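Single-letter residue listing:
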Amino acid sequence: MATTLQQLLDGLTQRATMPSPSATIADITGSLDHLGRALTGLAQDGITPGDSSRQRTTAELGAACLTAGRLWPHTGGPLTDLAGAAADLVGRDRDIMGRSHRWAVTVEVAEAADHCARLGRHVLPEAAAPELATVRELAVTVERIAQVEPPTASAFVVLDRLVAQPWTPGNASETTALDASAALVGAIERSRRTDDLSLRDFRAAVAAAEIISRSAGAVTAAASGDDAGPFLVTGLAWQVAGRASTVFDDGRGAGPIDARGVVACARTLAEAVRRDAGHLSDAGALEEDRDLPSVAASVQPVTGQLPVLANHLTAAVDRWSLTGRLYASARDLPPVNNMPEDRVQAVIVGRHVQAVGADLDHLRQTVVRATELSTGLADAFHRAAVAGPPAQRHQAALYVREVRASGVPERLLRHAQAVERDIATIRSPHQVPWNASPSR
Amino acid sequence: MTVDAASDPLSYAASLLDAVGADREQVPADIALDCLYAAELLELAGGRARTTPLVDGDPAASIRAAMGALSLLDDDTFAAGPVLDAARAARQALRRLG
């Protein structure tokens, strides 16, 4: 099952604070050793630009945890395993974390370290290991600093990043939607790191986003008892984004194909969502025999990941506008002011040209629109609360803030109206109709 | 189109399936995914997708043409994992398209 750093730390805290803990001292110190590794790495990468109490205390806490971690030989155990996995994740995400992220992670790791050290003090006689008392003092200092310099909501989101479990495309029928979602975001991140996200990858991810949005919209409508129409607009926005990509060609041609790449992950995710949520009616409603809480529980984390996926796709379009990787017929590109002579010639003869800068404005606009509507849908889904509180609570809190921000509701309404205008021109009999009736 | 079914069936089929997967004006998301996945697998098997128009502008006709091209492959090539999976994905797309 896919997991997050927050879930690992929560699991560690839960085990360390059980009423009748059964952990050995070697397991406890083993966990502190791993937490010390994580904190030391965070401090080395930098918590603040210069010297500060945050920076110093983080480094000192890391060192104290490492010292406590060497008190007993490592024999392993559940606390050690959870802390080890958490520390590995912190190390893995080093490249994507900024200072604000590192501070958010430090605060959560400090709390976990305090719980582990407190457990150690219960297991041992009070004077046996003063190193554990040092860990507690420094962990509490970190938490006290966090009271006056709290991490931002957007920084906390790094704790909610899904980490996929090892997965192969062949076992798609056994893959959960959550695992497939984590695998898809991971595959996109890998491709973007090497600047290798192809247009086919993009189209597959957009199609997956559309399928998730439609299912999430159907669940939200069924749970809230409201009309389905407004909740379906996000799926339609992704459809419009996919359509906007149609005019482009991938200039680079086929690169190395990854059997566990974006396309395979997107298809597996779509299959998993369809398996869990079932087929939607033409009006975008769930099948009547579907168990709503069960479907909602499956779709909830995937819906929470939708804005993450969407932000990657927006960034991909921005990147293409700089690199000129995509090509299109000059006639299909939006007109620009002071069109150069060679572009005028290309329009006249219908020649393909490299798409750069403003050439991708329309595609970008459709993706940004779908991205913001996805955040609104994720928030609406969480508010419907049919699946209980969200597992990725930092993400959910961020969506609430984003959607409630001044001017955003009006912007989402304008996005919805723009999607309605765009979708009205789709001509296929296979498409889901826009004039959706209420879900009830 | 610079490839034809007889000389390079893998590339021919990959090109058509990629084109169907890109045509979001006519093709719903789930079918587009099937086709993009099939194209990806055919490239994994050695094909090379190139920009191509749909057969008569028709997604179903294009998928059928791609499937026809795959049927030209020798038994060993067709039975290779990626090609067989691609053939199945294409068949599923055609069935969903109705």
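It should be emphasised that the depicted structure is a prediction, and the values quoted were computed from it without experimental measurement.

Calculation rules
- Residues numbered from 1 in each chain as written.
- Chains lettered and ligands numbered in written order.
- Predicted model: local features only at pLDDT ≥ 70, side-chain atom pairs only at ≥ 80, totals over all residues.
- Heavy atoms only, no water.
- Helix = DSSP H or I, 4+ residues; strand = E, 2+ residues; numbered from the N terminus.
- Rg over C-alpha atoms; globule rule 2.2 N^0.38 Å.
- Contact = heavy atoms within 4.5 Å.
- Areas by Shrake-Rupley, 256 points an atom, 1.4 Å probe, with all protein chains shown as cover.
- Expected span 1.5 Å × (residues − 1).
- Buried < 20%, exposed > 50% of the residue type's maximum accessible area, 1.4 Å probe, protein only.
- Polar contact = N/O pair within 3.5 Å; in protein donor to acceptor, adjacent residues only side chain to side chain.
- Domains from an automatic or database assignment.
- Buried area = accessible area lost by both parts, 1.4 Å probe.
- Salt bridge = Lys/Arg side-chain N within 4 Å of Asp/Glu carboxyl O.
- Phe/Tyr/Trp six-rings, centres within 6.5 Å; stacked < 30°, edge-to-face > 60°.
- pLDDT = per-residue confidence, 0-100.
- Axes fitted to C-alpha atoms, helices over the stretch in contact; angles between N-to-C directions.
- Parallel < 35°, antiparallel > 145°, perpendicular 65-115°, else oblique.
- Left-handed = near helix turned anticlockwise from the far one by under 90°.
- Pairing = 2+ DSSP bridges.

Moving on, we come to the overall build of chain B. Along its length, chain B carries five helices and zero strands. For chain B, the α and β elements follow one another from N to C terminus as α-α-α-α-α. The C-alpha radius of gyration of chain B comes to 12 Å, within 12% of the 13 Å expected for a compact globule of 98 residues. For chain B, long-range pairs separated by at least 24 residues make up 74% of all intrachain contacts whose partners lie at least 6 apart in sequence. Just so you have it, chain B exposes about 3,900 Å², and 49% of that area is on carbon and sulfur atoms.

What follows covers helix 15 (residues 393-404) of chain A. All names here are of chain A. The end-to-end C-alpha separation of helix 15 is 17 Å, in line with the 16 Å expected for twelve residues at 1.5 Å each. Of all the positions in helix 15, only His-394, Gln-395, Ala-396, Leu-398, Tyr-399 and Val-403 are classed as buried. Residues of helix 15 that are buried make contact with helix 1 (5-16), helix 7 (153-156), helix 12 (292-323), helix 14 (361-384) and helix 16 (408-423).

Quick look at the side chain of Arg24(B) now. Locating Arg24(B) in the fold gives a position in the loop between helix 1 (9-22) and helix 2 (29-44). Using a relative accessible area of 2% as the deciding quantity, one classes Arg24(B) as buried. One polar contact links Arg24(B) to Glu210(A), side chain to side chain, over a distance of 2.7 Å. Here the side chain of Arg24(B) touches Val27(B) through a polar contact of 2.9 Å, landing on its backbone oxygen.

Residues and elements named next belong to chain A. Split into domains, chain A comes out as domain 1 (5-155) and domain 2 (169-425). One C-alpha centre belongs to domain 1, the other to domain 2; they are set 37 Å apart. Taken together, the contact between domain 1 and domain 2 spans five residues of the former and five residues of the latter. Carbon and sulfur atoms supply 52% of the area buried between domain 1 and domain 2, which totals about 500 Å² over both sides. For the interface between domain 1 and domain 2, the tally reads zero salt bridges.

Each aromatic ring pair is specified by the distance between its two centres and by the angle formed by the two planes. All names here are of chain A. Evaluated as defined, the whole model comprises one aromatic pair over all chains. When the centroid spacing of 5.3 Å and the interplanar angle of 65° are considered together, the rings of Phe-202 and Trp-320 count as edge-to-face. Remark: Trp-320 occurs in helix 12 and Phe-202 occurs in helix 9 (residues 199-224); sequence separation between them is 118 residues. The exposure classification of Phe-202 matches that of Trp-320, with both residues buried.

What follows covers the interface of chain A and chain B. Each side of the interface is counted separately: chain A has 31 residues, and chain B has 25 residues. In total, chain A and chain B occlude about 2,600 Å² of area from one another, counting both sides; carbon and sulfur atoms represent 55% of this. Where chain A packs against chain B, one counts seven salt bridges. Note that Arg274(A) and Asp30(B) form a salt bridge whose closest N and O atoms lie 3.5 Å from each other. Counting the contacts that link chain A with chain B gives nine residue pairs in polar contact (both at pLDDT 80 or more). Looking at the side of chain A that touches chain B, the element that brings in the most residues is helix 9 of chain A, giving eight residues.

This brings us to the side chain of His312(A). Its location among the elements puts His312(A) in helix 12. In this structure, His312(A) is in contact with Val185(A), Ile188(A), Glu189(A) and Arg192(A), ignoring residues within four places of it in sequence.

It is worth spelling out the confidence of the model for chain B at this point. Per-chain confidence: chain B averages 90 in pLDDT, with 98% of residues scoring 70 or above. The ipTM value of the predicted complex is 0.87, and its pTM value is 0.75.

The next subject is unusual backbone geometry. Residues other than glycine seldom take positive phi values, yet Asp195(A) does so here, at roughly 55°. As for its position among the elements, Asp195(A) is in the loop between helix 8 (177-193) and helix 9. Unusually for a residue other than glycine, Asp56(B) sits at a positive phi of about 55°. Here Asp56(B) is to be found in the loop between helix 2 and helix 3 (59-71).

Residue and element names in this part refer to chain B. Packing of helix 1 against helix 2 leaves a shortest axis separation of 8 Å and a crossing angle of 155°. Classed by the angle they form, the pair helix 1 and helix 2 counts as roughly antiparallel. Every pair of crossing elements has a handedness; the one defined by helix 1 and helix 2 is left-handed. Every residue of helix 2 that contacts helix 1 at Leu-10, Ala-13, Ala-14, Leu-17, Asp-18, Val-20, Gly-21 and Ala-22 is listed here: Ala-32, Cys-35, Leu-36, Ala-38, Ala-39, Leu-42 and Glu-43.

On to the sheet that holds strand 1 (residues 248-250) of chain A, then. Residue and element names in this part refer to chain A. The strand order 1-2-3 describes an open sheet built from three strands, whose pairing is antiparallel. Of all the strands in the sheet, just strand 1 and strand 3 (352-354) have a single pairing partner and so form its edges. Sheet twist, expressed as the average angle between the axes of neighbouring strands with direction ignored, equals 35°. Strands in contact with helix 9 are strand 1 and strand 2 (326-329); relative to strand 1, the strand with the most contacts, it is inclined by about 125°.

This brings us to the pattern of salt bridges. Residues and elements named next belong to chain A. A full pass over the atoms with the stated rule returns 25 salt bridges over all chains. Put simply, Arg-56 and Asp-51 hold a salt bridge, and the shortest N to O gap is 2.8 Å. Classification of Asp-51 by relative accessible area gives exposed; the value is 63%. A salt bridge links Arg-161 to Glu-189; the nearest nitrogen and oxygen atoms lie 2.6 Å apart.

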